[in-house]
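Residues per chain are reported as follows:
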Amino acid sequence: MLKSLKQSINKYLSYKPIPETSEIRHLIRQQRIENLPYCSEDEGDLIYNLIQKHQFKACLETGFHTGSTALYLAKAVSHTGGEVTSICLDDEQKLQRGRKLLALEGYDKVHRLIVENSNRVLPELFSSGERFDFVFIDGWKTFDHLAFEVYFFNQMLNDGGVIFFDDAYMPAVKKINLMLERHYEYKEVNYSVYIKEYPLRLHQMLTRLSKHRPYRAFRKFTNTDNQPPFRDWHFYRDF
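The shown structure was predicted, so the numbers you read here are calculated from the model rather than taken from an experiment.

What counts, and where the lines are drawn
- Residues numbered from 1 in each chain as written.
- Predicted model: local features only at pLDDT ≥ 70, side-chain atom pairs only at ≥ 80, totals over all residues.
- Heavy atoms only, no water.
- Helix = DSSP H or I, 4+ residues; strand = E, 2+ residues; numbered from the N terminus.
- Rg over C-alpha atoms; globule rule 2.2 N^0.38 Å.
- Buried < 20%, exposed > 50% of the residue type's maximum accessible area, 1.4 Å probe, protein only.
- Areas by Shrake-Rupley, 256 points an atom, 1.4 Å probe, with all protein chains shown as cover.
- Lys, Arg positive; Asp, Glu negative; His and termini not counted.
- Charge placed at Lys NZ, Arg CZ, Asp CG, Glu CD.
- Pairing = 2+ DSSP bridges.
- Contact = heavy atoms within 4.5 Å.
- Axes fitted to C-alpha atoms, helices over the stretch in contact; angles between N-to-C directions.
- Core = buried A, V, L, I, M, F, W, Y, C linked by side-chain atoms within 4.5 Å.
- Expected span 1.5 Å × (residues − 1).
- Arc of directions from axis to C-beta.
- Polar contact = N/O pair within 3.5 Å; in protein donor to acceptor, adjacent residues only side chain to side chain.
- Patch = residues over 30% accessible without salt bridge, like charges linked within 9 Å, V, L, I, M, F, W, Y side chains within 5 Å.
- Salt bridge = Lys/Arg side-chain N within 4 Å of Asp/Glu carboxyl O.

1. Some thoughts on the overall build of the protein chain
- What the protein chain contains, in helices and strands, is ten helices and seven strands.
- Relative to the compact-globule value of 18 Å for 239 residues, the protein chain shows a C-alpha radius of gyration of 18 Å, a close match.
- Principal-axis analysis of the C-alpha atoms gives the protein chain an extent of 60 × 40 × 30 Å.
- Counting only residues that meet the buried cut, the protein chain has 47% of its 239 residues in that class.
- Entry remark: accessible area of the protein chain is about 12,500 Å², with carbon and sulfur atoms responsible for 52%.
- Positive and negative side-chain charges in the protein chain, numbering 33 and 31 respectively, have mean positions lying 7 Å apart.

2. Things to note about the sheet that holds strand β5 (residues 157–166)
- Pairing is mixed in the open sheet, where seven strands are placed in the order β3-β2-β1-β4-β5-β7-β6. Taken across any chain shown, the strands that pair with only one partner, and hence form the sheet edges, are β3 (111–115) and β6 (187–188).
- Bridge count between β6 and strand β7 (residues 215–219): two bridges; the pairing is antiparallel. Note that in β7 the partner of Lys187 across the bridge is Arg219.
- Relative to β5, helix α7 (residues 143–156) is tilted by about 150°, and along the sheet it contacts β1 (58–62), β4 (132–137) and β5.
- Packed onto the sheet, helix α8 (residues 171–182) meets β5, β6 and β7 and runs at close to 160° relative to β5.

3. As for the nonpolar core
- Judged by nonpolar contacts, the single largest core of 41 residues is most densely connected at Leu46, Ile47, Leu50, Ile51, Leu71, Phe134 and Phe164.
- At the level of elements, α2 (22–31), α3 (41–54), α4 (68–77), β2 (83–88), α5 (92–103), β4, β5 and β7 are the ones that each hand at least two residues to this core.
- The dominant element in this core, judged by the number of residues it contributes, is α4, at seven residues.
- The contacts of Leu71, once residues within four sequence positions are left out, are Ile24, Leu27, Ile28, Leu101, Leu102 and Tyr107.
- Ranked by size, the runner-up nonpolar core spans 26 residues in total, among them Val121, Leu122, Val150 and Phe218.

4. Things to note about α5
- For α5, which comprises twelve residues, the first-to-last C-alpha distance of 16 Å matches the rise-based estimate of 16 Å (1.5 Å per residue) to within 8%.
- Those residues of α5 not exposed but buried are Leu95, Gly98, Leu101 and Leu102. Take α5 and look down its axis: the buried residues cluster within an arc of 120°, on one side only. Turned more than 90 degrees away from the buried face of α5 sit Gln93 and Lys100, all of them exposed.
- Of the surrounding secondary structure, the elements contacted by the buried residues of α5 are α2, α4, β2 and β3.
- Where α5 begins, the side chain of Asp91 points an oxygen toward the backbone nitrogen of Gln93, at a separation of 3.1 Å.

5. Thoughts on a nonpolar patch on the surface
- A surface patch of nonpolar side chains, about 240 Å² in accessible area, is lined by Leu202, Met205 and Leu206.
- Positionally, Leu206 belongs in helix α9 (residues 197–208).
- The partly exposed category is assigned to Leu206, whose relative accessible area is 48%.

6. Examining the side chain of Arg201
- Relative to the assigned elements, Arg201 resides in helix α9.
- Notably, Arg201 is buried but unbridged: the nearest opposite-charge side chain belongs to Glu197, and the N-O separation is 4.7 Å.
- Those residues in contact with Arg201, other than ones at most four positions away along the chain, are Lys211, His212 and Arg213.

7. Brief notes about the pattern of salt bridges
- Summed over the entire model, instances satisfying the criterion amount to eight salt bridges.
- Close ionic contact of Arg112 with Glu130 constitutes a salt bridge, the shortest N to O distance being 2.9 Å. Of this pair, Arg112 sits in strand β3 while Glu130 sits in the loop between α6 (118–127) and β4, placing them 18 residues apart in sequence.
- Overall, Glu130 belongs to the partly exposed group, its relative accessible area being 23%.
- A salt bridge links Lys141 to Asp138; its shortest N-O distance comes to 2.6 Å.
- Exposure remark for Asp138: the relative accessible area of 27% places this residue in the partly exposed category.

8. Describing the pairing of β4
- The element β4 is extensively covered by neighbouring structure, given that six of its six residues are classed as buried.
- In this sheet, β4 lies alongside β1 in parallel orientation, the contact comprising four bridges. Counterpart to Thr62 in the pairing with β4 is Ile137.
- Bridge count between β4 and β5: five bridges; the pairing is parallel. Its bridge partner being in β5, Ile137 is matched across the sheet by Phe165.

Keep in mind these numbers describe shape, not what the thing actually does.
What follows is the structure in structure tokens.
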């Protein structure tokens, strides 16, 4: 009886993916390898809808691995005429899985993979004048590494752009999220605008036994030059 009740609740609350990303789910199912991490359907749909709604073109991600998140990104920018750049330090054998997934339907044509440590690549991208509309963060997640990355992401992100964090429940990621809101004046997106939020949110809390979101997204509303750290050396006194 109890088991049947749990199954019924899970079925009622479980996420129903959008039709627009059915191709992506099919491709991932074809290539899925057990015990490897893949972008969840709800997270992938949120990424897709954020990019589509705002017509973002230039997307950047740290981490690549199975290529599943890059596939959602590539699908989204294929409609906007954009490109996805992934930075990843995995060995060639691991990278081949993601490359193969993207190549199945030609999404590799809108994808650029940089095999290097992000702490070396980001200053180079910044110095060369590259700018992005959407950044997905799923690389190394110690606070020092994330703070270094976000410093450059913020300056390369176009006004109105979005920074998206995977594994948002991790302590270092939560601290970085606070830094974005308090220091750089980012605002968390209203998830219900992009995805069916409320049944999904309850399902996440019940299955994870945690109030913390598995992923979070923040939008840039203040131009870099006008953000507190770039405007006033004593900005921290306001916090």
